[in-house]
Amino acid sequence: HGKGLAEQGLIVSHFGVAVEVLFETGERRMVKVKRNSGHVVGDGVTVLGEVLHRLPRRTELSRRDARGGIHLVAANLDVLGVVLAPGTPSGFLDRAIVAARTAGLAPFVVLNKCDLPEALELGRVIGSVYDGILPLFPLSAVTGAGIEPLRDFLSQGHRGAFVGTTGVGKSSLMNALCPELNLKVGALSDYNWTGRHTTTVSSLHALPGGGELVDTPGFRDFGLVDITVQELAAWFPGFESLQDHRCRFNDCRHRQEPGCAVRDEVTSGGISEERYQTYLVLLGEVEALEEEALRRN
Ligand code: GDP
Ligand code: ZN
């Protein structure tokens, strides 16, 4: 290897001790990294020989493991598709939206399995709350109905990933959007027979029509990290226009405070009791994080 100039590239796969880098020339090459080097898919890098230097990140997306540990999933994503299907626990969508916004990603909603009659009611409920707040894509990954608008959306130069509970159809959707992928459908691919996590490989794929998707095995649950109570209240879908000026107290947490515009809205039915309960659960988590941070300082 001559000294040469550092080449710019993008990490498109991560294998623990090596990363695959896609260079601006179109060339792909494996570059060794230390285990736990902190590089993730989506990182911009410069490479000089075997030396890899990470460029600053625009966004970071993290997941939470079963023990509450936080792991970086991907860097520099700009959109996050929250995938729902009949049976998705209520509260999942609002939590995912808040987490995405906290991480600097613009969330959108995929309502999958619209070929099933059960999806009709869910679609009505989701539409009534989120239409006009977020892009909504009702579709069926299996029949292909409704996939085109999502393809068009992603082709506007977006780099994204999907999150959703097991079985909502994330793998099916990834396969429908990137034919090169061929992910196993219906497989708990990131758990081995002992039930422990095996090494999972996330990878970044350019879509045929434009845009990029990161496949994120094992990414189901978010860690709410680096979020304040004020941010939670600002980013909880539907609270945006109510907070600040309408509650009696500027720092209203929308819990027991008198003159709370959010609670008025719950009483009048503008915000459902169920979604308000989700907010209270998230509020409890954020307050616990704040207390922990205070104890450490
Ligand atoms: P994942 O766990 O989120 O990756 O979900 P999979 O893609 O593995 O799908 C789980 C199950 O749902 C499989 O049996 C799929 O065939 C099924 N499935 C996925 N998308 C659809 C859909 O649009 N309609 C129907 N009816 N089933 C689907
Ligand atoms: Zn309030």
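The structure under discussion appears in the preceding block.
Below you will find a few notes about this structure.

About the thresholds
Residues numbered from 1 in each chain as written. Chains lettered and ligands numbered in written order. Predicted model: local features only at pLDDT ≥ 70, side-chain atom pairs only at ≥ 80, totals over all residues. Heavy atoms only, no water. Core = buried A, V, L, I, M, F, W, Y, C linked by side-chain atoms within 4.5 Å. Buried < 20%, exposed > 50% of the residue type's maximum accessible area, 1.4 Å probe, protein only. Helix = DSSP H or I, 4+ residues; strand = E, 2+ residues; numbered from the N terminus. Contact = heavy atoms within 4.5 Å. Donors = N, O, S within 2.8 Å, 3.2 Å for Na, K, Ca; no water. Tetrahedral: all angles 85-135°; square planar, octahedral: opposite > 155°, others 65-115°. Patch = residues over 30% accessible without salt bridge, like charges linked within 9 Å, V, L, I, M, F, W, Y side chains within 5 Å. Areas by Shrake-Rupley, 256 points an atom, 1.4 Å probe, with all protein chains shown as cover. Salt bridge = Lys/Arg side-chain N within 4 Å of Asp/Glu carboxyl O. Polar contact = N/O pair within 3.5 Å; in protein donor to acceptor, adjacent residues only side chain to side chain.

### Brief notes about the nonpolar core
- Among the nonpolar cores identified, the biggest contains 49 residues, and Leu 80, Leu 84, Leu 93, Val 163, Phe 222, Leu 232 and Tyr 279 are the most heavily contacted of them.
- By residue number, the principal contributor to this core is helix H1 (residues 92–102), which donates seven residues.
- Val 163 has contacts with Leu 80, Gly 81, Val 82, Val 83, Phe 92, Ala 96, Lys 170, Phe 219, Arg 220 and Phe 222, leaving out every residue within four places of it along the chain.
- Val 83, Leu 139, Phe 162 and Val 168 belong to the second largest nonpolar core, which has 21 residues in total.

### Looking at the coordination of the zinc ion (ligand 2)
- Around the zinc ion (ligand 2), the protein contributes the donor atoms Cys 247 (SG), Cys 252 (SG), His 254 (ND1) and Cys 260 (SG), which lie 2.1 to 2.5 Å from the metal centre.
- One can describe the donor arrangement at the zinc ion (ligand 2) as tetrahedral, given that its four donor atoms subtend angles of 101 to 117 degrees at the metal.
- Spacing between the donor residues of the zinc ion (ligand 2) along the chain follows C-x4-C-x1-H-x5-C.
- By relative accessible area, which is 5% here, Cys 247 ends up buried.

### Structural notes on a nonpolar patch on the surface
- The grouping of Phe 15, Met 30 and Val 201 at the surface amounts to a nonpolar patch, some 240 Å² of accessible area in total.
- Turning to its location among the elements, Val 201 is positioned in the loop between helix H4 (170–177) and strand S12 (203–206).
- Val 201 sits in the partly exposed class, given a relative accessible area of 32%.

### Section: the side chain of Asn 112
- Relative to the elements of secondary structure, Asn 112 occurs in the loop between strand S9 (106–111) and helix H2 (119–130).
- Since its relative accessible area comes to 3%, Asn 112 is described here as buried.
- Within the structure, Asn 112 has its side chain in polar contact with the backbone nitrogen of Ala 141 (distance 2.9 Å).
- What Asn 112 contacts, discounting residues up to four positions off in sequence, is Val 83, Leu 84, Ala 85, Pro 86, Leu 139, Ser 140, Ala 141, Val 168 and Gly 169.

### Description of H4
- Burial analysis of H4 places six of its eight residues in the buried class, which makes it a mostly covered element.
- Among the residues making up H4, those that are buried are Lys 170, Ser 172, Leu 173, Met 174, Asn 175 and Leu 177.
- Looking at the buried positions of H4, the neighbouring elements they touch are strand S8 (79–84), S9, helix H3 (147–154), strand S11 (159–163), S12 and strand S13 (212–215).

### Quick look at unusual backbone geometry
- Despite not being glycine, Asn 76 has its phi angle at roughly 65 degrees, a positive value.
- Along the chain, Asn 76 turns up in the loop between strand S7 (70–75) and S8.
- For Lys 113, which is not a glycine, the phi torsion comes out positive at approximately 70 degrees.
- Examined against the element boundaries, Lys 113 turns out to sit in the loop between S9 and H2.
- Assessed through its relative accessible area of 27%, Lys 113 is described here as partly exposed.

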